[in-house]
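Geometric and topological summary
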Amino acid sequence: MARTCHATAGWATWTIIALSYALVVGMTGPVNARLPKPRPSQRVYRSRLIPKLYNMAHCTDRHHFFHIRNVSTTMDRFGGDVLDVLFNLNGTAKLLSSIKFSLQRCTGGASQCEHVNTWTWSTGICDLMMTKHMAWSYMVERIHPPIKCPFQMGSYTSPNLTLDLDMVDKAMPRSNIEKHVWLSECQTFDENKNLFACFKWTTEARRVRVKEGGYQMG
């Protein structure tokens, strides 16, 4: 009788364990079945504008003291053009009295162009040129030897020149910048208001997709 009771108690114990396990599996099984399968990480893309820069040259139809000797072009990691420019200053200037920047918008290449605007700055140009965190600061800070008022004759290098077209696009939101070719000309004038430097270039904007990161999209 004792053995029978012991055996009965043992079977009861195992039966309770089995039923408990079945109950747990029965409760958690449907929940696990409803959980979504993990998605693989997806790349998120955004678009940005990159510059293609052509025909960087000094003006040849006017007398001035700025002469570009060489321009070499490479590309950044997004495919935008980056220029290394070697130039000479063949005269001196105590200061710059004004800067004039002209912009033309062209369609069909550079065959049909219209004048967009001419901007002129004439106050504190020397200080403005050396101001930090401005659109031109990156370019000015990398000119070697350092260039500042008063300007000295000599040879200079300006490496890694490029344009932030996303910034331009925000400043000119309705310009459809990537649908046109843009002709730019920059002139600077010395303390006697004589032309000191003049150069021009052509810009095209191209929109590319850029990988933003590896986080999961909804």
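1. Observations regarding the pairing of strand E7 (residues 181–190)
Within a regular strand, the side chains alternate between the two sheet faces. For E7, a buried count of 9 out of 10 residues is recorded, marking the element as mostly surrounded by other parts of the structure. Here 10 bridges tie strand E4 (residues 96–107) to E7, and the two strands are oriented antiparallel to one another. Note that in E7 the partner of Cys106 across the bridge is Val181.

2. Observations regarding the environment of Glu141
Within the secondary structure layout, Glu141 lies in helix H3 (residues 137–141). Residue Glu141 is classed as partly exposed on the basis of its relative accessible area of 45%. Separated by 11 residues in sequence, Glu141 and Met130 have C-alpha atoms that sit 8.0 Å apart.

3. Focus: the layout of surface pockets
Its volume calculated, the largest pocket comes out at about 1,700 Å³. In terms of lining residues, the largest pocket is bounded by 47 residues, among which Phe101, Trp136, Met139, Leu163 and Trp201 are the most central. Residue contributions to the lining of the largest pocket peak at 5 residues, all from strand E8 (residues 195–213). When the residues that make up the lining of the largest pocket are grouped by side-chain class, the tally is 40 nonpolar, 6 polar and 1 charged. What the second largest pocket holds in volume is close to 160 Å³. Lining the second largest pocket, in full, are Asn55, Ala57, Ser102, Leu103, Gln104, His115, Leu183, Ser184, Glu185, Lys200, Trp201 and Thr202. Every element with two or more residues in the lining of the second largest pocket is listed here: strand E1 (44–58), E4, E7 and E8.

About the cut-offs
Residues numbered from 1 in each chain as written. Predicted model: local features only at pLDDT ≥ 70, side-chain atom pairs only at ≥ 80, totals over all residues. Heavy atoms only, no water. Buried < 20%, exposed > 50% of the residue type's maximum accessible area, 1.4 Å probe, protein only. Helix = DSSP H or I, 4+ residues; strand = E, 2+ residues; numbered from the N terminus. Pairing = 2+ DSSP bridges. 1 Å grid on protein atoms, 1.4 Å probe; cavity = no way out; pocket = protein on both sides within 12 Å on 5 of 7 lines; lining within 4 Å. Points joined across faces, edges and corners; volume = space filled by probe spheres on them. Nonpolar A, V, L, I, M, F, W, Y, C, P; charged D, E, K, R; others polar.

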